[in-house]
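So you can see what is in the structure, the chains are spelled out below.
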Protein chains: 2
Amino acid sequence: MTKAGLKSCHERIKPFIHNTPVLTSRLINTLVDAELYFKCENFQRAGAYKIRGATNAIMQLSEAQQQNGVVTHSSGNFAQALSLAAKSLNIKAYIVMPSNSPQVKKNAVLEYAGEVVECEPTIEARQTTANQIASATGATFIHPSNDPNVILGQGTAALELLQEHPNLDAIFCPVGGGGLIAGTALAATHFSQHCQVYGGEPLEADDAYRSLLSGKIETNITANTIADGLRTQLGSHNFPIIKKHIQQIIRVSENEIIEAMLLIWERMKILIEPSSAVAFAAILKENFKNQKIGVIISGGNVDVNNLPF
Amino acid sequence: MTKAGLKSCHERIKPFIHNTPVLTSRLINTLVDAELYFKCENFQRAGAYKIRGATNAIMQLSEAQQQNGVVTHSSGNFAQALSLAAKSLNIKAYIVMPSNSPQVKKNAVLEYAGEVVECEPTIEARQTTANQIASATGATFIHPSNDPNVILGQGTAALELLQEHPNLDAIFCPVGGGGLIAGTALAATHFSQHCQVYGGEPLEADDAYRSLLSGKIETNITANTIADGLRTQLGSHNFPIIKKHIQQIIRVSENEIIEAMLLIWERMKILIEPSSAVAFAAILKENFKNQKIGVIISGGNVDVNNLPF
């Protein structure tokens, strides 16, 4: 998790990822009275930043491990990301998905040549099934967010943003499993003078906010948020980094998420998923006047047939 | 309409427009087996390329003319564009809109400080009302597409694309009133070695296709196309340019437009309006294997509450 480690992670995964563009909008800057720089990971391969961590995690395996493939459980962006990363690196990927996952999500994994293994739609069944596959095939389990190599990989989005805009006062990103914000915190610590990292989190799944208050990892009893990527909880690898480096987690309501999402769609003409809108909603909620602020637009995987507006 | 004229037009309007990004997509390139370069005018100010021509037309007026303002009739992107261009240049804009225009379109014009003047929803009423305003106020009438200064301005999108990618084999753009494709033809003629210009047009409003066949400007009796920006007809200033320089106009069905639009939304994560999808649909329809092709994504002004998918 050192500066050199993050730098070499970036060099390692560079050939397999896009250095995504950073967009700005005069209208939005006027609205918030600040300078916003949107790092567009919705344009990333497989539509989200997750490919960064997935690629790094696979590349850090030994050759022998790689021959046996990788396994994860995810119904979201990490499923597609690990599937595509494995395809790019020519190894096998097993993706455990709940049997009630939408067919469109299964198809996305299959398109990238990952093997979908269905399980009962419970947390326990997911982990058990993944463990069974690991035992039977020798595949290495890669956690979507609580893995040091995944965290480093996710940090390269903020690293690229800071390379392009070194004088940011703050970077905002959404908080789900904690991989992205922990990686972002490492990038800001190692590659900026004074850039502070803020998290945006749905009020309906505010486990990270509560974890920072209590000092231990809290869970969500319910997670009725449209930001489907943020229903997960922090882990043992990323929580200590978050506790140490994050300035503040700002919670936003479902309406604030939808309004922020609509604003980006209509004004910036880009598709972003609800989870990405959470970071921008956090900026809209508080006052960051005259600051230069980076925003990680984490992904653009959204069902256009089922929009909240 | 000379090379120098187009170049100086670009220099003139540069401070008032964005040099929009050119995006690519590996997935789409694989799909069409060609290299596509999307010039994203959906990211342009006011959400479409129209600001280019509107700005140039205003700037070519004398100071005395500018003091009396400008007037146009449009219910689409040119209405917003002229309103914003006039605001940037600190002059008055009167926008004649049919009384049945959606309120959201009127609001967009008002937001940029243009004055909306309603008229009966007929072609005659539009022109009559615009003429009355011109007489009463001394405002200069600016046509949305059939004006040499507007045509030059619209050509600067292709000029920028060719500056970034000088070796394009072809550029595709949609054909509505003919301003964009005429300007694009001028840019390709003056600033490329061998780049050919193709138009995409809805089968349901194929007046330009028929005009090239008959050799005179044809009209649409009906124009039941989702590509609302392309329901208009060619004009005396742009038709001769189109006749001389355009390689081919490819017609596409409504389904082909919607499928092309969905493909861009889902794969490229950008909002494009149906008119823009027409150019891409034309590429999908024919075989342009191994060619380097520019595509003018003309605009991104679409009602997200009323999508065709």
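Right above here is the structure, for reference.
Presented here is an overview of the structure given in this document. Just so it is clear, the structure is predicted and the values come from calculations on it, not from any experiment.

### Brief notes about the relation of the copies chain A and chain B
Here's step 1: Mapping chain A onto chain B calls for a screw motion: a turn of 180° about the axis and a shift of 0.0 Å along it, with 0.0 Å RMSD after fitting. Such a turn and shift between the copies fits a two-fold axis. Measuring from the rotation axis to each C-alpha of chain A, the shortest distance belongs to Ile270 of chain A, at 2.1 Å.
Here's step 2: Both copies present the same face, since 100% of the interface residues in chain A are matched by interface residues at the equivalent positions in chain B.

### Here we look at the environment of Lys285 of chain B
Residue and element names in this part refer to chain B.
Here's step 1: With respect to the element layout, Lys285 can be found in helix H13 (residues 274–285).
Here's step 2: Between the C-alpha atoms of Lys285 and Val22, which are 263 residues apart in sequence, the distance is 22 Å.
Here's step 3: Setting aside chain neighbours within four positions, we find Lys285 in contact with Ile250, Arg251, Val252 and Glu256.

### With respect to the packing of helix H3 (residues 50–59) of chain A against helix H8 (residues 148–164) of chain A
For any two helices packed against each other, the geometry comes down to the angle between their axes and how far apart the axes lie.
All names here are of chain A.
Here's step 1: Viewed as axis vectors pointing N to C, H3 and H8 meet at an angle of 135°, and their least axial separation amounts to 7 Å. By the angle between their directions, the pair H3 and H8 is classed as oblique. Seen along the crossing, H3 lies across H8 with a hand that is right-handed. Across the interface between the two elements, Lys50, Arg52, Gly53, Asn56 and Ala57 from H3 touch Asn149, Val150, Leu152, Gly153, Gln154, Thr156, Ala157 and Glu160 from H8.

### Here's the deal with the sheet that holds strand E8 (residues 196–202) of chain A
Residues and elements named next belong to chain A.
Here's step 1: With mixed pairing, the 6 strands of this open sheet are ordered in space as E1-E2-E10-E7-E8-E9. Because the sheet does not close on itself, it has two edges, and the strands there are strand E1 (22–23) and strand E9 (246–252).
Here's step 2: Here E8 pairs with E9 via 6 bridges, running parallel. Note that in E9 the partner of Gly200 across the bridge is Ile250.

What counts, and where the lines are drawn
- Residues numbered from 1 in each chain as written.
- Chains lettered and ligands numbered in written order.
- Predicted model: local features only at pLDDT ≥ 70, side-chain atom pairs only at ≥ 80, totals over all residues.
- Heavy atoms only, no water.
- Least-squares fit on C-alpha atoms with pLDDT ≥ 70 in both.
- Contact = heavy atoms within 4.5 Å.
- Helix = DSSP H or I, 4+ residues; strand = E, 2+ residues; numbered from the N terminus.
- Axes fitted to C-alpha atoms, helices over the stretch in contact; angles between N-to-C directions.
- Parallel < 35°, antiparallel > 145°, perpendicular 65-115°, else oblique.
- Left-handed = near helix turned anticlockwise from the far one by under 90°.
- Pairing = 2+ DSSP bridges.

Read these as layout, nothing more, since geometry by itself doesn't imply function.
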